[in-house]
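Chain by chain, the residues:
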Amino acid sequence: MIQPTNDPEKSNSEKALPTKSGAKFYWIYLVLFILILLTSTLLQNKTSKEITWQQFENDILSTKSVDKINVINNEKAEVYIKSSLANNPAFKEVFTQKKGDKPTEGPHYSFSIGSIESFEKKIDLAQANFSPQEKVKITYSKSSNWILNIMGWFLPLLLMFFVWNFIINRSQRGGIGGGGNPMFNFGKSNATLVEREKSTINFEDVAGLEEAEMEVREIIDFLKNPEQFTKLGAKIPKGVILVGPPGTGKTLLAKAVAGEAQVPFFSISGSEFVEMFVGVGASRVRDLFKRAKEKAPCIIFIDEIDAIGRSRGKGAFLTGANDERESTLNQLLTEMDGFGTNSGVIVLAATNRADMLDAALLRPGRFDRHIYLELPNLKEREEIFNVHIKPLVKDETLDVKFLAAQTPGFSGADIANICNESALIAARKKNDKVGRQDFLDAIDRTVAGLEKKSKIISPEEKKIIAYHEAGHAVISWLLKKVDPLIKVSIIPRGKSLGAAWYLPEEKQLRSASAFKEYLCATLGGRASEEITFGDISSGALDDLEKVTKEAYMMVAIYGFNDKIGNISFYDSTGQRDAGIQKPYGEETGNMIDQEVRKLIGDVYKQAIEILTSNKNSLIKVAELLLQKEVIFKEDLEAIMGKRSSEEVNLAIENEEQILIS
Ligand code: ATP
């Protein structure tokens, strides 16, 4: 994720660009304004008064005041009044525009004639009683309004020009370093450049990534002192790819590398290469490398590189329009080949999906160094908490270790968010320090969403929710291999109406029986509803989704099913489009479906059995929940006794991720 540069000077200069180029077009606005003014003045300059046929016939023609009529373009009749009537009060107004003006020659009146035929018919009829001498002379002429003609072709051109200019400016927005005419800035890369003296992030801001830091330190040494390496003939990797789940600090690490090495840092997201115009991506890649070479030694950071680096040819069947992305990728490959190892440009890239990347991108000589960032463990979380807690006014008694233990499965970004959220919660409560409870509230909020006490829930629904959650709680308390339960709540939060909080142990392996027990605890909610009310509700949707996914994984991926055998249909390369290509035949597909159904049916039966034989505990837990809304491990201990697998109790040194059901 590219962070916006926080440098006000820079952003100002960036913002200034469009205005600067826009200034060149001010004369266009001026010309347009003058033209409009001119047109309106000329059009205003007409002297004839607009009237209707009836007015003409009754007031003018019948009084025999007309000298002649001139029909223009077969559309409009211009009426000239006899000059002898110039002083007649009825016509004085149309003869003189202003007081003291000389009488005008005309036309004095005008009106639209529908068609020539009808006009001639009407005028003949109106003059039926006139003597031949009295009949009005009618002439026909053609006239063209040159201004309107010019505007007719000039305005569309002008409009096209403005639209074009607008598109170009839009495609330039956020870009820097282009300058000049925006029309030629099309293929310029819009990477953000952080100059060496402006980079403020260093390794102090990055916590818990020691191994990754060690790996990138070599790059910093090279950027600072290349001779040390080159004199021994060593080649420095051109590209380093950082792989890890979202929020694990990939962007942060890349920025810290630039900050530590004190070199300029070009930062761009993969998706920014490809815009709506064909060929722009490749040209932006070229431009980025050109600019980087000018600034060498420097770092180019390409975030979300999978946006352009996805395997070529993959997915083309579905999207059809991969050519632009592929040509951008080809250009990136060419550029990475094109610069020498010692040119001082190092490309760092980040992705969440290394398996999607094209093999050519990852081969030695391109992104040959891969650094894997994982979700932080307990100790690393503590370090990250320490970094983000530093700027807060916190309670001195705050136990950071405890906070780290409460946040298994959280990424660095989540922890940063919790620290900020806890400060907001404390401020909302008007506390002068951020305390333990504020952090716990922030964690709950991040895990399960905002508490929604105002959600209207009827007493019957509340009872169903309580029994549902109690079902999860009782089964997970009784089954040994389910992660330890720490809290159950029936206060609605986010989208859920109730939740059970578990503190999973960090295990690298999970047995088939542990999977089954997890499925059983997850179905405990529905089973409890069935045995208590004799009816089931839609509240188990989330549980069913989880159970179905896990069951398919057990059967088709982990080889836990006797009938399917030790076969896995998993594709770790990500090359196969699971949506359209099934790696098994129809018969196996049917068998997988049947086995999944059987597995889920069996564990559901087990859940019903456990709850039926522990109905008293179920009722006690549910009633306590209805009474207190939130119950903790201690309350469950009081009802059901110590958990049989208590040895796993708070093995929180090694937890993995938190689960909610
Ligand atoms: P994405 O894959 O979504 O782009 P990312 O891995 O690039 O995510 P960052 O943008 O680097 O994640 O992290 C987001 C924020 O999380 C950082 O700005 C920082 O505040 C915090 N953070 C993440 N990891 C760490 C860490 N190891 N130490 C300190 N802060 C961290």
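To be clear, the structure that these remarks concern was listed above.
Residues numbered from 1 in each chain as written. Predicted model: local features only at pLDDT ≥ 70, side-chain atom pairs only at ≥ 80, totals over all residues. Heavy atoms only, no water.

Enquirer: Describe in detail the sheet that holds strand 2 (residues 66-72), supporting the description with residues and values.
Expert: Spatially, 1-4-3-2-5 is the arrangement adopted by the five strands of the open sheet, whose pairing is mixed. Two strands close off the open sheet at either side, each with one partner strand: strand 1 (49-50) and strand 5 (137-141). Pairing of strand 3 (residues 76-81) with strand 4 (residues 109-112), which is carried by four bridges, proceeds in the antiparallel orientation. Paired with K76 across the bridge in strand 4 is S112. Lying on the sheet, helix 3 (residues 53-61) is in contact with strand 2, strand 3 and strand 4; it crosses strand 2 at an angle near 160°. (Pairing = 2+ DSSP bridges. Helix = DSSP H or I, 4+ residues; strand = E, 2+ residues; numbered from the N terminus. Contact = heavy atoms within 4.5 Å. Axes fitted to C-alpha atoms, helices over the stretch in contact; angles between N-to-C directions.)

Enquirer: An account of unusual backbone geometry is requested, with residue identities and associated values reported.
Expert: The phi dihedral of N73 is positive, around 50°, even though this residue is not glycine. Counting through the fold element by element, N73 comes out in the loop between strand 2 and strand 3. On the basis of relative accessibility, which here comes to 25%, the residue N73 falls in the partly exposed class. Backbone geometry at N74 places phi at a positive 55°, although glycine is not the residue there. The topology assignment puts N74 in the loop between strand 2 and strand 3. Assessed through its relative accessible area of 40%, N74 is described here as partly exposed. (Buried < 20%, exposed > 50% of the residue type's maximum accessible area, 1.4 Å probe, protein only.)

Enquirer: I'd love a proper account of the nonpolar core, names of residues and values included.
Expert: Membership of the largest hydrophobic core comes to 47 residues, with the highest contact counts inside it found for I475, L519, V621 and L636. Elements with a minimum of two residues in this core: helix 19 (459-478), strand 12 (485-489), strand 13 (499-502), helix 20 (512-533), helix 21 (541-557), helix 22 (586-613), helix 23 (615-628) and helix 24 (633-640). (Core = buried A, V, L, I, M, F, W, Y, C linked by side-chain atoms within 4.5 Å.)

Enquirer: With reference to specific residues and values, describe the pattern of salt bridges.
Expert: Applying the stated criterion across every chain, the model contains 18 salt bridges. For the salt bridge of E421 with R445, the shortest nitrogen-to-oxygen distance reads 3.0 Å. On the criterion of sequence distance, the pair formed by E421 in helix 17 (residues 412-428) and R445 in helix 18 (residues 436-448) is long-range, its members being 24 residues apart. Of the charged contacts, one joins D441 and K429 as a salt bridge, the two residues approaching to 3.6 Å between their closest N and O atoms. Placement of D441 in helix 18 and of K429 in the loop between helix 17 and helix 18 is noted, with a sequence separation of twelve residues between them. Taken together, the shared-partner salt bridges in this structure form one network comprising K429, D438 and D441. (Salt bridge = Lys/Arg side-chain N within 4 Å of Asp/Glu carboxyl O.)

Enquirer: So what's going on with the sheet that holds strand 12? Which residues, and what values?
Expert: Neighbouring strands of a sheet are bound in pairs by backbone hydrogen bonds; such pairs are parallel or else antiparallel. Strand order across the open sheet formed by three strands is 13-12-14, with antiparallel pairing between neighbours. Bordering the open sheet on either side are strand 13 and strand 14 (630-632), each of which pairs with just one other strand. Direction aside, the axes of adjacent strands within the sheet are offset by 15° on average. As paired elements, strand 12 and strand 14 share three bridges and run antiparallel to each other. Residue pairing for strand 14: V488 is matched across the bridge by I631.

Enquirer: Quick rundown of the side chain of T351? Include the residues and the values.
Expert: Among the structural elements, T351 can be located in strand 10 (residues 345-351). The exposure class assigned to T351 is buried, which follows from its relative accessible area of 0%.

Enquirer: Give me the lowdown on a nonpolar patch on the surface, citing residues and values where you can.
Expert: Residues W146, I150, W153, L157 and M160 make up a contiguous nonpolar surface patch of roughly 590 Å² in combined accessible area. A relative accessible area of 52% means that W153 is categorised as exposed. (Patch = residues over 30% accessible without salt bridge, like charges linked within 9 Å, V, L, I, M, F, W, Y side chains within 5 Å. Areas by Shrake-Rupley, 256 points an atom, 1.4 Å probe, with all protein chains shown as cover.)

Enquirer: Got a sec to walk through the packing of helix 19 against helix 23? Specific residues and values, please.
Expert: Close contact between helix 19 and helix 23 brings their axes to 8 Å; oriented N to C, the two are set at 130°. Classed by the angle they form, the pair helix 19 and helix 23 counts as oblique. Between helix 19 and helix 23 the crossing geometry is right-handed. Contacts from K462, K463, A466, Y467, E469, A470, G471, A473 and V474 of helix 19 reach helix 23 at S617, L618, I619, V621, A622, E623, L625 and L626. Here the residues of the contact of helix 19 with helix 23 are counted per class, giving eleven nonpolar, two polar and four charged. (Parallel < 35°, antiparallel > 145°, perpendicular 65-115°, else oblique. Left-handed = near helix turned anticlockwise from the far one by under 90°. Nonpolar A, V, L, I, M, F, W, Y, C, P; charged D, E, K, R; others polar.)

Enquirer: Lay out helix 10 (residues 280-295) in plain terms, naming residues and giving numbers.
Expert: Since the α-helix advances by 3.6 residues per turn, residues separated by three or four positions end up pointing in the same direction. For helix 10, spanning 16 residues, the distance from its first C-alpha to its last is 22 Å, which sits close to the expected 22 Å at 1.5 Å a residue. Within the span of helix 10, buried status applies to V280, G281, A282, S283, R284, V285, D287, L288, F289, R291 and A292. (Expected span 1.5 Å × (residues − 1).)

Enquirer: Please set out the pairing of strand 8 (residues 265-269) residue by residue, giving values where relevant.
Expert: Where burial is concerned, most of strand 8 is hidden: five out of the five residues are buried. Burial of the side chains of strand 8 extends over both faces: F265, S267 and S269 are buried on one face and F266 and I268 on the other.

Enquirer: Describe in detail the environment of S65, supporting the description with residues and values.
Expert: In this fold, S65 is placed in the loop between helix 3 and strand 2. Measuring from C-alpha to C-alpha, the distance between S65 and F91 comes to 9.4 Å, with 26 residues separating the pair along the chain. For S65, the contacting residues outside a window of four places in its chain are I60, Y80, I81, K82, L85 and F91. Polar side-chain contacts of S65 include one of 2.6 Å to the side chain of T63. (Polar contact = N/O pair within 3.5 Å; in protein donor to acceptor, adjacent residues only side chain to side chain.)

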